[in-house]
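Coordinate analysis (summary)
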Amino acid sequence: MHTDIFKQIFYQSNIAQLIYSENNKVLEGNQAFYDFIGFSKDDCPLEILKELIRSIPDDGTEMKRKFCTNKGTEKIAKITKSELQTAKESPLYHIQMIDITDSTKNERMYRLIAENSLDVINIHRLDGCYLYVSPSIKEASGYEPQDMLGKYPNDYIHEEDIPHCNEKHIELMAHKGPVMMTYRMKKSDGSCFWMESAVKPILDAETGEIQEIISISRNIENRIIANELMEKSEKLAVIGRMAAAVAHEIRNPLTPIKGFIQIFQATKEYNEKYGKVILSELERLENIISEFLNMAKPHHEKVEKINLSKTLENVIQLMGSQAAIENKSIGFVYDQDQDYEVMGDISSLKQVFINVVQNALDAIEKNTGVVTISIENVEEGHVCILVKDNGPGIEKDRLAILGEPFYSTKEKGIGLGLMTSYKIIENHKGQIRFSSELGNGTEVYICLSKTGDTPVVCSPRIYTIE
C-alpha cells in the first residue's frame, strides 16, 4: 500500500524527477521531468539522459545547469542527486530538478541594472555593513566596490553628518519603512561630495522582520551648487528691489541732520537737543546700512540663537520706507514680555521674511494697503509667525502650486523667491503654509522649531494667531 502511495506522489509531482541505477540505466522519470526537457517519454533520446546523469557530481553537491529543450527554448534547473536506500544490492539514484529559469533571468536582469546604473546600489546587513556595492561607486568616490565589502557606511561619511545618518538608521529599524538621508561622503582622495540615499528595508514575507537593507544613492553635488546659486540670485533680486527704498530711507534722516548742522553754523552755538536728534538719526542710518550690507554680503550658514521679534523689527525697518513711498503700512503685533527665540541661520531667515513681506506689499493697493505681522509661542515648542495682507487674495487652484519654480502670482515674477523660502524653512525643520480667499487677502504662516532639531508638525490649532 505504501509503495502505491509513493508511486502516485512520484508520478503526480510537479517537480521533475528521475530514477536510475548504478550503471546509468534509466529506470523511471515522471511526466514533469519529460515536460521540462521537452521530450515525450517514448521519443526522448537515451544519450541525452545519460549525458545528464554523467554531468551530476557524485558527492550530492547541488548544481545549476542550462538545458536546450526539444522546442528550442533554454531552461535553467537546480539539480540535486541522492542515493535511494533499497533492499537491492546495486544502489539506485534519484535526481530532482527544479525550474529556476525565471528567477535566474530576473536575477541576471537585476544585476545588469545594478552594475550599469549611474546610481550607487548597495545591500547592507541590519547593522549597515556592506554586503554588495555596485560598480558605480568607483566613479562617484574612487573606491573599489570589493574594498568596501564588510565595512560600514560611517567609515566613509563625513564626521559631522554621522549623527544624522545614525538617526535615520534608527528610524528605519523602528518603523520598518523607507527613509531619505542627505550627507557628505568622503572620496578616496580625502575630498567630500554631497550624496542623497533612499534606504529601504527588505522584509521577510512570512515574519515581516527586516532581513537586509537596500540603499540607492546618487551624487547631488551639482544640485546643491544649483540651489546655492539660486538662493544667491534671489537674494540679489530682493536687494535690487529694495535699493530705491533704502536710498529713500537714508535720505529722510539726512534732511534733519543737514538742517541742524546749518543752524549750528549760522548761530555758532551748540544746541544739545538738536545734537541728540542728529545722533539718533545717524544711529538710524547706521542700522539701515548695516542691515542692507548684511543682506548683500555672502555668508556661511551659521546656527545660532535668534530673537525673532528683534529680527522682524529689523526687517520691517528695512522695508518700511518702501511701503511709505506708496502709502502702504506695515504693522507688527507681539507680546513684549514673551521670549520668541529659535535656533537657526539669521541671514537665511531674514531672506524668507523679506520675501514674504515683499510679496504681501506687492499684493496690496496704494493708500489703503495694510500688512500685519503677528508672532506667538505655541505649546508644542514652536514659534508661529503670521504675515497677513488685505490684498485681493489668491484663487484656490493657484494657491495649491505656490512655491513651485517658475510659477508666480506676479506679472514679472519667476517663482524662485517662494521656492527658496520653502527650502530654507524646510532646512530649519519648520513649515510654511498659505491661506487665502478672493477678496479677503492672504495669510502666510511660518512655523519654526525653538530648538531647531524637532520637526514642526502643522495642525490647525498651531495657527491660532488673532
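See above for the structure.
Now for a look at the structure at hand.

Analysis parameters
Residues numbered from 1 in each chain as written. Predicted model: local features only at pLDDT ≥ 70, side-chain atom pairs only at ≥ 80, totals over all residues. Heavy atoms only, no water. Helix = DSSP H or I, 4+ residues; strand = E, 2+ residues; numbered from the N terminus. Buried < 20%, exposed > 50% of the residue type's maximum accessible area, 1.4 Å probe, protein only. Contact = heavy atoms within 4.5 Å. Areas by Shrake-Rupley, 256 points an atom, 1.4 Å probe, with all protein chains shown as cover. Pairing = 2+ DSSP bridges. Polar contact = N/O pair within 3.5 Å; in protein donor to acceptor, adjacent residues only side chain to side chain. Axes fitted to C-alpha atoms, helices over the stretch in contact; angles between N-to-C directions. Expected span 1.5 Å × (residues − 1). Arc of directions from axis to C-beta. Salt bridge = Lys/Arg side-chain N within 4 Å of Asp/Glu carboxyl O.

So, about the overall build of the chain. Assigned secondary structure in the chain consists of 13 helices and 17 strands. Going through the 466 residues of the chain one by one, you find that 40% of them count as buried. Restricting the contact set of the chain to residue pairs at least 6 apart, pairs at least 24 apart contribute 56%. With the model as given, the accessible surface of the chain reaches about 27400 Å², and the carbon-plus-sulfur share is 52%.

Moving on, we come to unusual backbone geometry. Positive phi, close to 55°, is recorded for K176, a residue that is not glycine. If you trace the backbone, K176 turns up in the loop between α7 (162–175) and β8 (179–186). In this model, K429 sits at a positive phi of 65°, which is unusual for a non-glycine residue. Relative to the helices and strands, K429 resides in the loop between α13 (416–427) and β16 (431–436). Exposure remark for K429: the relative accessible area of 36% places this residue in the partly exposed category.

The element strand β6 (residues 120–124) is extensively covered by neighbouring structure, given that four of its five residues are classed as buried. In this structure, β6 lies alongside strand β10 (residues 210–219), joined through five bridges in antiparallel fashion. Residue pairing for β10: I121 is matched across the bridge by I216. Between the end of β6 and the start of strand β7 (residues 130–133), which pair antiparallel, lie five residues, with G128 showing a positive phi angle near 100°.

Here the focus is the environment of R433. Secondary-structure assignment places R433 in strand β16. Overall, R433 belongs to the partly exposed group, its relative accessible area being 38%. Residues R433 and C447, 14 residues apart in the sequence, show an inter-C-alpha distance of 8.5 Å. At 2.9 Å, the side chain of R433 and the side chain of Q431 are in polar contact.

With that settled, the discussion passes to the sheet that holds strand β9 (residues 192–203). With antiparallel pairing, five strands are arranged side by side in an open sheet as β7-β6-β10-β9-β8. The outermost strands of the open sheet, each flanked by one partner alone, are β7 and β8. Pairwise comparison of adjacent strand axes, ignoring direction, gives a mean angle of 30° for this sheet. Here β8 pairs with β9 via eight bridges, running antiparallel. Residue pairing across strands places R184 opposite W194, the latter belonging to β9. Running over the sheet, α7 touches β8, β9 and β10 and is turned about 150° from β8.

For α7, spanning 14 residues, the distance from its first C-alpha to its last is 20 Å, which sits close to the expected 20 Å at 1.5 Å a residue. The complete set of buried residues in α7 reads I162, C165 and L172. End-on, the buried residues of α7 take up no more than an arc of 85°, which puts them together on one face. Of the exposed residues in α7, those oriented more than 90 degrees away from the buried face are E167, I170, A174 and H175. In this structure, the buried residues of α7 make contact with β8, β9 and β10.

Glancing now at the environment of H428. Position of H428 relative to the elements: it lies in the loop between α13 and β16. In this structure the C-alpha to C-alpha distance between H428 and S449, which are 21 residues apart in sequence, comes to 7.4 Å. Reaching out from H428, the side chain makes a polar contact with the backbone nitrogen of D345 at a distance of 2.9 Å.

This part covers the environment of S421. Checked against the element boundaries, S421 lands in helix α13. On the basis of relative accessible area, S421 is assigned to the buried category, the value being 0%. C-alpha separation for the pair S421 and S348, spaced 73 residues apart in sequence, amounts to 8.5 Å. Beyond its immediate sequence surroundings of up to four residues, S421 is in contact with V352 and N355.

As summarised here, the arrangement of the five strands in space is β12-β14-β15-β17-β16, forming an open sheet in which the pairing is mixed. Of all the strands in the sheet, just β12 (329–333) and β16 have a single pairing partner and so form its edges. Here the average twist between neighbouring strands, direction ignored, is 15°. Pairing analysis gives eight bridges linking strand β14 (residues 370–378) to strand β15 (residues 382–389), with the strands arranged antiparallel. Residue T372 lies in a different strand from β15, and its bridge partner there is K388.

Here we take up helix α11 (residues 346–363). Between its first and last C-alpha, α11 extends 26 Å over 18 residues, near the 26 Å set by a 1.5 Å rise per residue. With respect to burial, α11 is a largely interior element, 14 of its 18 residues being buried.

Looking now at the pattern of salt bridges. In total, this model carries twelve salt bridges according to the counting rule given. The salt bridge involving K138 is made with E144; its shortest N-O contact spans 2.9 Å. For K138, a relative accessible area of 39% gives the class partly exposed. Two residues, K305 and E341, come together in a salt bridge whose shortest N-O distance is 4.0 Å. Linking K305 in strand β11 (residues 304–307) with E341 in strand β13 (residues 341–344), this pair joins segments that are 36 residues apart in sequence. Taking the relative accessible area as the measure of exposure, K305 reaches 58% and is therefore exposed. A relative accessible area of 26% means that E341 is categorised as partly exposed. Through salt bridges with shared partners, a single network forms among E160, D161 and R184.

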